[in-house]
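Spelled out, the chains give:
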Amino acid sequence: MADLEVKSVTVKYKKHIAIKNASLEANEGEIIGFIGADGAGKSSLMYAIAGIIRFSGEIKYKNTIYHSPKETQKIKRDIGFMPQGIGLVLYGSLSVMEHLNFFADLHGVKKDDKFKNYIEKLLHMAGLSKFTNRVASNLSGGMMQKLSLICTLLHRPKLLILDEPTTGVDPLSRIELWEILSEIRKEGAIILVSTAYMQEAAKMDRVMLFDDAQIIASGTTKELTNSITDYTYTLSPCHDKKCISFNKFTYSIDKLDATLAKPTLEGLFFVNALKKDKILPTIEIHERENKIKIPKIIMQAKKITKRFGTFVANDSIDMELKKGEILGLLGANGAGKTTFIKMLLGLYKIDNGELILLGKSIKSGKDRQELKSKIGYVSQHFALYKDMTVRENLLYFANMHKIHIDTALNRIKLYSSELGFKSYLDYMPRELPLGVNQRFSIASALLHEPVILFLDEPTSGVDTIARAQFWKIIHLLKEKWNITILITTHYMSEAEYCDRIVLLKQGKKIADDSVENLYKTYPHAKTFEDIFLDLYRYDR
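Remember, it's a predicted structure, so these values are computed and weren't measured experimentally. (Residues numbered from 1 in each chain as written. Predicted model: local features only at pLDDT ≥ 70, side-chain atom pairs only at ≥ 80, totals over all residues. Heavy atoms only, no water.)

Draft legend 1. Seen up close, the overall build of the protein chain. Counting its regular elements, the protein chain contains 16 helices and 23 strands. For the protein chain, the C-alpha radius of gyration of 24 Å lies close to 24 Å, the compact-globule estimate for 540 residues. On the principal axes, the C-alpha backbone points of the protein chain span a range of 70 × 60 × 50 Å. The buried share among the 540 residues of the protein chain stands at 55%. Across the protein chain, contacts joining residues at least 24 apart in sequence account for 69% of those joining residues at least 6 apart. With the model as given, the accessible surface of the protein chain reaches about 24,000 Å², and the carbon-plus-sulfur share is 50%. In the protein chain, 76 side chains carry a positive charge and 64 a negative one; their mean positions are 3 Å apart. (Helix = DSSP H or I, 4+ residues; strand = E, 2+ residues; numbered from the N terminus. Rg over C-alpha atoms; globule rule 2.2 N^0.38 Å. Buried < 20%, exposed > 50% of the residue type's maximum accessible area, 1.4 Å probe, protein only. Contact = heavy atoms within 4.5 Å. Areas by Shrake-Rupley, 256 points an atom, 1.4 Å probe, with all protein chains shown as cover. Lys, Arg positive; Asp, Glu negative; His and termini not counted. Charge placed at Lys NZ, Arg CZ, Asp CG, Glu CD.)

Here it is as structure tokens:
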């Protein structure tokens, strides 16, 4: 008999079925992974197991059987739950240490020396040891995520449920997170983790694949990847065959005249889509309406510096943004990426240095306003108005940029069709899958036809197929509009899709080169994540 038994659990929101007849078992010391597309039912099942929402079916944990949130009260002390969403459980006005004390009191944790040592360990794992007095509203998205996680771990839960805990978290911190989870596993905890990082899923004892509100496959990583061996090829042309290509692989149900490749968990998403005859939105980008001459160097940052009190967030950074280039801005959480972007956007005043846009030095408030009119921006949180429909949001952003209503309506019609969200125009943002929200956010940033597009972790928490579509959009924009695209990401595999990489570390630039040259500098590296870890591991 398993320590955790989930039997035929179904969750409904009015008439919508979020998860249907889900069953699974887990034992002490096991880590079970949940993977699947946005809206596939992973979060709903986690909420049911955590005893937060109503469900039909039965869940048994140890000797306690429950069928509703009320019946879970007797085991609440054993459950730790971290919901999906950056900073969702945090309070903007509380500091890091105040959060830890608050959650410790909430769970009745005894604050003895053992507790203090555990807090120090968690803070080090999260890279927050130097930021204990900083309020949550001033933390980066990744730092918020790590603070949320360690607050969940404070009372050492025996049934730990983590809904995409590493979304927006850098690779080194993810490694340290998994070291913590490994220790908690040794203490006999059952850990359920959903993730969009397939490298993480490969570390789990068993993986559940979700699709269309059901668990459609489960097994070890080897068992699941072996199931798609016959459909996975090296990158190949499809000709008339029905197939999908992404990240050096081509997937096809029909046999191709090509070399079979060793499959990865990422391939499960594409093969499942092909088997279910799902048609992915056709992504297109037309030429921009306003033809303008774009110089070779669009923007220059010359030794720009930003301070918050005595803290130096960015220290004398030099950078050029070139026409028709995709630049990846990488770095650990708190390295200064978002602060740097906000200076480039004109949202933060530059304390030292000079910013030049299209050959003009940006100094006055008027200059900063002009700067904003040349830039498109998608923030970490997809800054959309939740009480307005997609169409209303787009019209609002068009009005902000003083775009004539006829032009705005034509562009909304064009972009919604080209980016595959036309059928969602009258939906509220909260009703959309994350991947659709992502494409809609990109459209809002393109309405005024900028010469630079800034994307701050746009793929965090987005499923594999949505990420593939996103990168198709980015490369088409580069090709058709010839603009500069600056993107931050914690998916190190995405560095491979950039023309150039800039790495920040503790507010300073430590690398600025092409991906090809960085691999030459680090010949032992099998992936770009190896390069990233080499640059960070020895000076935390």
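Draft legend 2. Inspection of the sheet that holds strand β10 (residues 214–219) at higher detail. A sheet is described by the order of its strands in space; here six strands give the open sequence β6-β7-β8-β3-β9-β10, paired in mixed fashion. The sheet is open, and its two borders are formed by β6 (79–82) and β10, each paired with just one other strand. Each strand axis lies, on average, 15° off the axis of its neighbour in the sheet, ignoring direction. The pairing of strand β9 (residues 206–211) with β10 spans five bridges and is classified as antiparallel. Paired with D211 across the bridge in β10 is Q214. In this fold helix α1 (residues 42–49) packs onto β3 (31–36), β6, β7 (159–163), β8 (190–194), β9 and β10, with an angle of close to 155° to the strand it touches most, β7. (Pairing = 2+ DSSP bridges. Axes fitted to C-alpha atoms, helices over the stretch in contact; angles between N-to-C directions.)

Draft legend 3. Here's a closer look at the side chain of N333. With respect to the helices and strands, N333 occurs in the loop between β16 (326–331) and α9 (337–345). For N333, a relative accessible area of 12% gives the class buried. Setting aside residues no more than four positions away along its own chain, N333 makes contact with S140, G142, M143, K146, G168, V169, D170, S173 and H490.

Draft legend 4. Main features of the packing of helix α13 (residues 434–446) against helix α14 (residues 464–481). Contact geometry for α13 and α14: axes closest at 9 Å, N-to-C directions at 20°. Taken as axis vectors, α13 and α14 run roughly parallel relative to one another. Both α13 and α14 take part in a crossing whose hand is right-handed. Across from G435, Q438, R439, I442 and L446 in α13, the residues of α14 making contact are A466, Q469, F470, I473, L477 and W481. Its residues placed into classes, the contact of α13 with α14 shows seven nonpolar, three polar and one charged. (Parallel < 35°, antiparallel > 145°, perpendicular 65-115°, else oblique. Left-handed = near helix turned anticlockwise from the far one by under 90°. Nonpolar A, V, L, I, M, F, W, Y, C, P; charged D, E, K, R; others polar.)

Draft legend 5. Inspection of the sheet that holds strand β11 (residues 232–234) at higher detail. With respect to topology, three strands assemble into an open sheet ordered β11-β13-β12, the strand pairing being antiparallel. With partners counted over all chains shown, the strands left at the sheet margins are β11 and β12 (243–246), one partner each. The average undirected angle you get between the axes of adjacent strands in this sheet is 25°. In this structure, β12 lies alongside strand β13 (residues 249–252), joined through four bridges in antiparallel fashion.

Draft legend 6. A look at the environment of I59. Position of I59 among the secondary structure elements: in strand β4 (residues 56–61). Overall, the relative accessible area of 0% leaves I59 in the buried class.

Draft legend 7. The arrangement of the nonpolar core in detail. If you look at the biggest cluster of nonpolar residues, it comprises 142 residues, and the most contacted ones within it are M299, F340, L344, F454 and F528. Looking at this core element by element, the count peaks at nine residues for α14. If we skip the residues at most four places from it in the chain, F340 touches A301, I304, N314, I317, M319, L329 and L504. (Core = buried A, V, L, I, M, F, W, Y, C linked by side-chain atoms within 4.5 Å.)

Draft legend 8. A look at unusual backbone geometry. Backbone geometry at E164 places phi at a positive 50°, although glycine is not the residue there. In this fold, E164 is placed in the loop between β7 and α5 (171–186). Note on E164: relative accessible area 5%, which makes it buried. For S316, which is not glycine, the phi dihedral falls at a positive 50°.

Draft legend 9. The arrangement of the pattern of salt bridges in detail. Going through the model one piece at a time under the given rule, you end up with 27 salt bridges. In this structure, R185 engages D205 in a salt bridge whose closest nitrogen and oxygen atoms are separated by 2.7 Å. Here the residue R185 occupies a position in helix α5, and D205 occupies one in the loop between α6 (198–201) and β9, the gap between them amounting to 20 residues. With relative accessibility at 22%, the residue R185 sits in the partly exposed group. Its salt-bridge partner being R411, residue E449 comes within 3.7 Å of it at the nearest N-O pair. Taken together, the positions of E449 in the loop between α13 and β20 (452–456) and R411 in helix α12 (residues 405–418) put the pair 38 residues apart, joining distant regions of the chain. (Salt bridge = Lys/Arg side-chain N within 4 Å of Asp/Glu carboxyl O.)

Draft legend 10. Main features of a nonpolar patch on the surface. Taken together, the side chains of Y91, F102 and L106 present a nonpolar region at the surface, about 300 Å² in accessible area. Of the residues examined, F102 reaches a relative accessible area of 33% and is grouped as partly exposed. (Patch = residues over 30% accessible without salt bridge, like charges linked within 9 Å, V, L, I, M, F, W, Y side chains within 5 Å.)

Draft legend 11. Fine view of α9. The buried fraction of α9 is high, at seven of nine residues. Here α9 has its buried residues at K337, T339, F340, I341, M343, L344 and L345.

Draft legend 12. Examining the pairing of strand β14 (residues 297–308) more closely. Pairing geometry for β14 and strand β15 (residues 311–322), over eight bridges, is antiparallel. Paired with F308 across the bridge in β15 is F311. The loop that links β14 with its antiparallel partner β15 comprises two residues; one of these, G309, has a positive phi angle of about 70°. Here β14 runs beside strand β17 (residues 352–357); their pairing, made up of five bridges, is antiparallel. Note that in β17 the partner of K302 across the bridge is E354.

Draft legend 13. Seen up close, the packing of helix α11 (residues 390–400) against α12. The geometry of α11 relative to α12 is characterised by a closest axis approach of 10 Å and an angle of 135° between their N-to-C directions. As judged from the angle between their axes, α11 and α12 are oblique. In terms of crossing hand, the pair formed by α11 and α12 is right-handed. Counting all contacts with α11, which are made through R391, L394, L395 and A398, the residues of α12 involved are I405, A408, L409 and I412. Here the contact of α11 with α12 is built from residues that sort into seven nonpolar, no polar and one charged.

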